[in-house]
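Here is how the chains run, residue by residue.
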Amino acid sequence: MTPHTSRPARRTRLAVLLAALLCAAGASTAFAGTLQERDARPAAVRAEVSGTYQSPYTKPFVRTQLFFGTGRHGGEPPITEEQFMDFLDEYVTPRFPDGLTLQEGYGQWRDRTGSINGERSYELILLYPREQAEARDADIEYLRDRYTEMYELESVGRVDEQVRADF
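Our subject in this report is the structure included herewith. (Residues numbered from 1 in each chain as written. Predicted model: local features only at pLDDT ≥ 70, side-chain atom pairs only at ≥ 80, totals over all residues. Heavy atoms only, no water.)

Describing the pattern of salt bridges
Then step 1. Applying the stated rule across the entire model yields nine salt bridges.
Then step 2. Note that E161 and R63 form a salt bridge whose closest N and O atoms lie 4.0 Å from each other. With E161 in strand β4 (residues 157-165) and R63 in strand β1 (residues 59-69), this residue pair connects regions lying 98 residues apart in the sequence.
Then step 3. On the accessibility criterion, E161 (36% relative accessible area) is partly exposed.
Then step 4. Notably, a salt bridge pairs E154 with R112, separated by 3.4 Å at the nearest N-O pair. Within this pair, whereas E154 is found in the loop between α3 (133-151) and β4, its partner R112 is found in the loop between β2 (101-110) and β3 (116-129), the two being separated by 42 residues in sequence. (Salt bridge = Lys/Arg side-chain N within 4 Å of Asp/Glu carboxyl O. Helix = DSSP H or I, 4+ residues; strand = E, 2+ residues; numbered from the N terminus. Buried < 20%, exposed > 50% of the residue type's maximum accessible area, 1.4 Å probe, protein only.)

Describing the packing of helix α2 (residues 81-95) against α3
For any two helices packed against each other, one specifies the crossing angle of their axes together with the interaxial distance.
Then step 1. Orientation of α2 relative to α3, taken along the N-to-C sense of each, is 155°, at an axis distance of 10 Å. Considered as vectors, α2 and α3 are oriented roughly antiparallel to each other. For the pair α2 and α3, the sense of crossing is right-handed. Only R136, D139, Y142, L143, R146, Y147, M150 and Y151 of α3 make contact with α2, whose side of the interface consists of Q83, F84, F87, Y91, V92 and R95.
Then step 2. The class makeup of the residues in the contact of α2 with α3 is nine nonpolar, one polar and four charged. (Axes fitted to C-alpha atoms, helices over the stretch in contact; angles between N-to-C directions. Parallel < 35°, antiparallel > 145°, perpendicular 65-115°, else oblique. Left-handed = near helix turned anticlockwise from the far one by under 90°. Contact = heavy atoms within 4.5 Å. Nonpolar A, V, L, I, M, F, W, Y, C, P; charged D, E, K, R; others polar.)

Description of the pairing of β3
Each regular strand displays side chains that alternate between the two surfaces of the sheet.
Then step 1. With ten of its 14 residues buried, β3 lies for the most part within the structure.
Then step 2. Here β1 runs beside β3; their pairing, made up of nine bridges, is antiparallel. Bridging across to β3, T64 finds its partner in L126.
Then step 3. In this structure, β2 lies alongside β3, joined through ten bridges in antiparallel fashion. Bridging from a neighbouring strand, W109 pairs with N117 of β3.
Then step 4. The antiparallel hairpin formed by β2 and β3 contains five residues in its connecting segment, where G114 sits at a positive phi of about 95°. (Pairing = 2+ DSSP bridges.)

Quick look at the sheet that holds β1
Then step 1. Strand order in this open sheet of four strands is β2-β3-β1-β4, and the pairing throughout is antiparallel. The sheet is open, and its two borders are formed by β2 and β4, each paired with just one other strand. Here the strands of the sheet are splayed against their neighbours by 30° on average, with no regard to which way each runs.
Then step 2. Summarising the sheet, β1 and β4 pair through nine bridges and their orientation is antiparallel. Residue pairing across strands places F67 opposite G157, the latter belonging to β4.
Then step 3. Sitting on the sheet, α2 touches β1, β2 and β3, and the angle it makes with β3 is about 25°.

Re α2
Then step 1. With 15 residues, α2 extends 20 Å between its outermost C-alpha atoms, agreeing within 8% with the 21 Å of an ideal straight helix rising 1.5 Å per residue.
Then step 2. Of all the bends in α2, the largest measures some 35° and sits at D89.
Then step 3. Listed as buried for α2 are F84, M85, F87, L88, Y91 and V92.
Then step 4. Along its buried surface, α2 packs onto β1, β2, β3 and α3. (Expected span 1.5 Å × (residues − 1). Bend = angle between axes of the 7 residues up to and from the residue.)

Comments concerning the side chain of T70
Then step 1. Within the fold, T70 resides in the loop between β1 and α2.
Then step 2. The exposure class assigned to T70 is buried, which follows from its relative accessible area of 2%.
Then step 3. Engagement of the side chain of T70 in a polar contact is seen with the backbone oxygen of R120, the distance being 2.6 Å.
Then step 4. When residues no more than four places from it in sequence are discounted, the contact partners of T70 are P78, I79, E119, R120, Y122 and Y147. (Polar contact = N/O pair within 3.5 Å; in protein donor to acceptor, adjacent residues only side chain to side chain.)

Remember, this is a structural readout, not a statement about activity or role.
So, in structure tokens, the structure goes:
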């Protein structure tokens, strides 16, 4: 993380990342279409459900993204990087010791009063085997509740998706 990176530089990096993701999404769609046009393709490239390529080397996982804002209401100062890292060390790592990815970003959202808020934020990415999803759900909800209670925030965003991965 680079705390001294300017806002335009961060926006440029985010724009480049978004463009790369969009290109990758288009390429994977084109690749899937090419595979679907072939009648005799190997079993390793057949989709279980969606029709997209699935490597025989990967297994079913769940990817959970959590979006932690740092802005606070009522004149309270924003949550500092040190405070967030303490939260990560004390609450997240013990529940997900096998690994995680943390990205710093900038988020924008509308609060319950209708105000649009922009703030420094963190995106936490967790990957875990699909068969552990139900057990991991309680840990994830604990983290969301704990963070919002500690800092009197409205919410922590959550996105779940099924993916295939290997480590």
